[in-house]
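Tertiary structure, described
Here are the chains, one letter per residue:
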Amino acid sequence: MCRQFLCMLGIAFTVVGISETPLRVQTASANTSPPGAMSAAEAYQNIQVLKEIPADQLVPAMQFITYSLGVECSYCHVEGALEKDDKKPKQTARKMMQMMAAINRDNFDSKQAVTCNSCHRGAPHPVATPIIAEGGPRPAFESVLGEDTSLTDAPPAEQIIAKYVEAIGGAAALQRISTRQEKGTINISGRNLPIEILSRIGGKQLTVIHLPNGDSITAYDGASGWTSAPNRPVREIPSVEVASAKPEVDLQLPLHIKQLFNEVKTAGTEKIGDRESYVVAGINSGEIAAKFYFDKESGYLLRILRYTKSPLGRNSTQIDYADFRTLNGLKVPFRKTIARPNSRLTVQIEDAEFNVPVDEKKFARPAVAPTPTRPSP
Ligand code: HEC
Ligand code: HEC
C-alpha cells in the first residue's frame, strides 16, 4: 500500500518539517479550533490509550513507533480507515503502550526511560539473546548528559561557535543577510525533483518541491508551520516538530544558537566520516534537544542532530552539510543530506542568492484554514 516512492515523498515533506505520511487522514471541514488545543481522543475516532495527549502529537508518536519497530504504518493500520482495529499488531501495540507506561511509572519515576525502541531496536520482534556480531563487539552508547569522556580536549562551546562564525565569514557578514533563495534538486529514492528554498530572518522558510502532479510545500512562518501537497488539504506541522526544526530554519543560526536553548555546552568530540568534529549540545529542561557538530579543522558546521519530542519517545533528524561555497563573503553549504531512521534524502543546491526581495505573505498559510486531522467516517 505504501509504494516506495510515495513513502519517500511522505518523508520528503518531513525534510523540511512535515510530519506527513502517505496514509490519508481526512480533515473535518467546519473545525476552527487552534491546533494542539484538542486532545487525541477528541480529534480521532478510536483512541483508547493515548487519550490525553495533544492531538497534534499523535502522528509524531506514530512515527516513533514506526521507527522503533522498523515497519510501515500499514503494519498496524488498514488503509483509509486508521481507526479500525482489524490488525493484530495494532491491538498488541496498545498493550505495549500500557506496559511501557507501567514500566516507567513503577521503575523510573514516570520518565521516558524505557521506550518501544529500548526493546525493539528497529524490529517487530525484539531479540532476547545477546548476539555475536560479525567482526567483533561494537558497543553502541547513547550520549547521556555528564557521561562524556572525550571532553578533555574540546574547547568551551562559546569558542567553537566563535570559530565557526569567523570561518564562514564573520558576524558582520552574517548580520547583513536578510533573505536567501536557493534552487536545486532533491533526490528521493533515486529520482531527482526540482526544489526551491526561500529563507528569511525570523525563522521563516518556504520549501517547494515540484512533483509531476503539482507542488509539495513546507512552510515555517516563525512561530508555526504548515504543509500542503497536491490534492491534499493544508496541514499544520505539529508544534513539537516546529520547535525542533528551529535551528535548521534559522538563517543566522550561529548568532542565535544560545537563545534557542536553556544551555549550550561542549559535549565532546566525534568523527563524521573521516572528519574529526567538536560536538556542542543544546540543552532544554536538562535534556539534550540538539547536537551541533563542528569540523575541528575548518570550523564549519557539518551536522545538526535534533530531537522531536513525542508522547512515546523522541524522533531524531540528522542534517549533514557539505559542498561549502562562498556567496556574498559567506561560506554556504550547497549540499544537505537529511536522514531519519527510515530515510535519507539529498538536496543539491545549484543556484543561491542572498537578500533577494521576498514577500512576507509567501510564508503565511493559504486562505483555507488548516484543521487538526480528524478522519471522517
Ligand atoms: C505498531 C503498530 C502501529 C503502527 C506501525 C502505526 N500505528 Fe497508528 N495507531 C496504533 C495504535 C495502537 C493506535 C490507537 C492508539 C490508542 O488507542 O491510544 C493508532 C492510532 C492511529 C491513528 C488514530 C486513528 C483514529 O481515528 O482512531 C492515526 C491517525 C494513526 N494511528 C496514524 C498512524 C500513522 C500515520 C502511522 C505511520 C507513520 C502509524 N499510525 C503507524 C498503532 C500503530
Ligand atoms: C520491555 C520490552 C518491550 C517494550 C518496551 C516494547 N515491546 Fe513490543 N514486544 C516486546 C516483546 C518481547 C514482544 C514479543 C515479540 C515476539 O512475539 O517475538 C513484542 C511484540 C510487539 C508487537 C507484536 C509484533 C508482531 O508482529 O507480532 C508489537 C506490534 C509491539 N511489540 C509494539 C510495541 C510498541 C508500539 C511499543 C512501544 C509503545 C513496544 N512494543 C514496546 C517487547 C517490548
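One can find the structure itself at the top, above this paragraph.
Cut-off values and rules
- Residues numbered from 1 in each chain as written.
- Chains lettered and ligands numbered in written order.
- Predicted model: local features only at pLDDT ≥ 70, side-chain atom pairs only at ≥ 80, totals over all residues.
- Helix = DSSP H or I, 4+ residues; strand = E, 2+ residues; numbered from the N terminus.
- Buried ≥ 20, exposed ≤ 12 C-beta atoms within 10 Å, placed from the backbone.
- Contact = placed C-beta atoms within 7 Å.
- Near = placed C-beta within 6 Å.
- Nonpolar A, V, L, I, M, F, W, Y, C, P; charged D, E, K, R; others polar.
- Pairing = 2+ DSSP bridges.
- Expected span 1.5 Å × (residues − 1).

Of regular secondary structure, the protein possesses 9 helices and 13 strands. Every one of the 377 residues in the protein was classed for burial, and the buried ones make up 34%. Contacts in the protein between residues at least 24 apart in sequence constitute 54% of all its contacts with a sequence separation of at least 6.

Taken together, 29 residues are adjacent to ligand 1, and Tyr44, Val49, Met62, Cys73 and Cys76 come closest. Grouping the constituent residues of the shell around ligand 1 by class yields 19 nonpolar, 7 polar and 3 charged.

Inspection of the region around ligand 2 gives 17 residues, with Pro89, Met96, Cys116, Cys119 and His125 positioned closest. At the level of elements, helix H3 (58–69), helix H4 (88–107) and helix H5 (116–120) are the ones that each hand at least two residues to the shell around ligand 2. Grouping the amino acids of the shell around ligand 2 by side-chain chemistry returns 13 nonpolar, 4 polar and no charged.

Right, let's talk about unusual backbone geometry for a bit. The phi dihedral of Ser110 is positive, around 65°, even though this residue is not glycine. Following the sequence through the fold, Ser110 ends up in the loop between H4 and H5. The class of Ser110 is exposed, set by 10 C-beta atoms lying within 10 Å. The backbone of Ser285 sits at a positive phi, close to 50°, despite the residue not being glycine. Position of Ser285 among the secondary structure elements: in the loop between strand E8 (275–284) and strand E9 (287–295).

This paragraph deals with the pairing of E8. Relative to E8, strand E7 (residues 263–272) is paired through 8 bridges, and the arrangement is antiparallel. Residue Thr269 lies in a different strand from E8, and its bridge partner there is Tyr278. In sequence, E7 turns back onto E8 through a hairpin of 2 residues, with Gly273 there showing a positive phi of about 60°. Note: E8 against E9, 8 bridges, orientation antiparallel. What sits directly across from Val280, in E9, is Phe292. Connecting the antiparallel pair E8 and E9 is a turn made up of 2 residues, with Ser285 showing a positive phi of about 50°.

In this section: the environment of Ala113. Tracing the sequence through the fold places Ala113 in the loop between H4 and H5. It is 8.8 Å that separates the C-alpha atoms of Ala113 and Ile103, two residues lying 10 residues apart in sequence. Not counting residues within four places of it along the chain, the set of residues in contact with Ala113 comprises Asn104 and Phe108.

This part covers H4. Spanning 20 residues, H4 covers 28 Å between terminal C-alpha atoms, matching the ideal 28 Å at 1.5 Å per step. Little of H4 sits inside the fold, with 1 of its 20 residues counted as buried. Asp109 sits one or two positions beyond H4 and adopts a positive phi of about 50°.

Burial analysis of strand E5 (residues 225–229) places 5 of its 5 residues in the buried class, the great majority of the element. The alternating pattern of E5 places Gly225, Thr227 and Ala229 on one face and Trp226 and Ser228 on the opposite face, and all of these are buried. Sheet analysis places strand E4 (residues 214–221) next to E5, joined by 4 bridges and oriented antiparallel. By the bridge assignment for E5, Tyr220 is matched with Gly225. A loop of 3 residues connects E4 with E5, the two strands running antiparallel in sequence, and Gly222 in this loop sits at a positive phi of about 110°. Sheet analysis places E5 next to strand E6 (residues 232–236), joined by 3 bridges and oriented antiparallel. Following the sheet pairing, Ala229 is matched in E6 by Arg232.

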